[in-house]
Amino acid sequence: MSQLIEDQYFMKMAMDMAAKAEEKGEVPVGAVLVKDGQVISTGYNLSISLHDPSAHAEMECLRQAGKRLENYRLLGTTLYVTLEPCAMCAGAMVHSRVTRLVFGASDAKTGAAGSVLDLVRHPQFNHQIQVSSGVLADECSKQLSQFFRRRREEKKTIKAAQKEKKLSKLS
């Protein structure tokens, strides 16, 4: 299997994880950790559900992998994630020695794998991660943008209902 086909296969799996996050009302970001072509762990955003700012898809996936492998060092692994990791997740990936990162959509606001910062390849760190970006980027971006569009519409609807309720009380 070519590297691109393999990357797309596992990115689609990460997108499935992102869909699970969305079903729970979470921002749809998903992650899959692979070693030697085998899935070691998966994760998706749970920050809202768990009331935990560190419960990002990547962190959930890395925690699960560490427990499964009984080692925090994840040498020889590739992490697939639908959105470019933030600084927290990038730091955890460097610390856990993930070998390769493959992400879909870039994050121009908080991306720490090349967009805003490049922590995963910082030359001063004791470990640098190989990065492949833009794998199924359009599909990953669409998944996120549709979620945020729906969320904005829901907020507008709630606001309009509250305004209507206020007006009816006044009359």
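Residues numbered from 1 in each chain as written. Predicted model: local features only at pLDDT ≥ 70, side-chain atom pairs only at ≥ 80, totals over all residues. Heavy atoms only, no water.

Asks: Please explain the sheet that holds strand 4 (residues 100–105) as it appears in this structure.
Replies: Sheet strands pair via backbone hydrogen bonds, and the direction of the pair is either parallel or antiparallel. Pairing within the open sheet is mixed, and its five strands lie in the order 2-1-3-4-5. One side of each edge strand has no neighbouring strand; the edge strands of this open sheet are strand 2 (38–44) and strand 5 (130–133). Within the sheet, the average angular offset between the axes of one strand and its neighbour, ignoring direction, is 15°. When strand 3 (residues 77–83) meets strand 4, the two strands line up parallel, connected through five bridges. (Pairing = 2+ DSSP bridges. Helix = DSSP H or I, 4+ residues; strand = E, 2+ residues; numbered from the N terminus. Axes fitted to C-alpha atoms, helices over the stretch in contact; angles between N-to-C directions.)

Asks: Please explain a nonpolar patch on the surface as it appears in this structure.
Replies: A surface patch of nonpolar side chains, about 390 Å² in accessible area, is lined by Met1, Ile5 and Tyr9. Relative to the helices and strands, Ile5 resides in helix 1 (residues 3–23). (Patch = residues over 30% accessible without salt bridge, like charges linked within 9 Å, V, L, I, M, F, W, Y side chains within 5 Å. Areas by Shrake-Rupley, 256 points an atom, 1.4 Å probe, with all protein chains shown as cover. Salt bridge = Lys/Arg side-chain N within 4 Å of Asp/Glu carboxyl O.)

Asks: Help me out: how do you make sense of the packing of aromatic side chains in this one?
Replies: Given two aromatic rings, their pairing is described by the distance between the two centres and the angle made by the two planes. If you walk through the whole model with that rule in mind, you get three aromatic pairs. Seen from their ring centres, Tyr9 and Phe10 are 5.0 Å apart, and the 80° between their planes marks the pair as edge-to-face. Judged by centre distance (5.3 Å) and plane angle (35°), the ring pair of Phe10 and Tyr80 falls under tilted. Placement of Phe10 in helix 1 and of Tyr80 in strand 3 is noted, with a sequence separation of 70 residues between them. Among the aromatic residues, those joined into a ring-pair cluster are Tyr9, Phe10 and Tyr80. (Phe/Tyr/Trp six-rings, centres within 6.5 Å; stacked < 30°, edge-to-face > 60°.)

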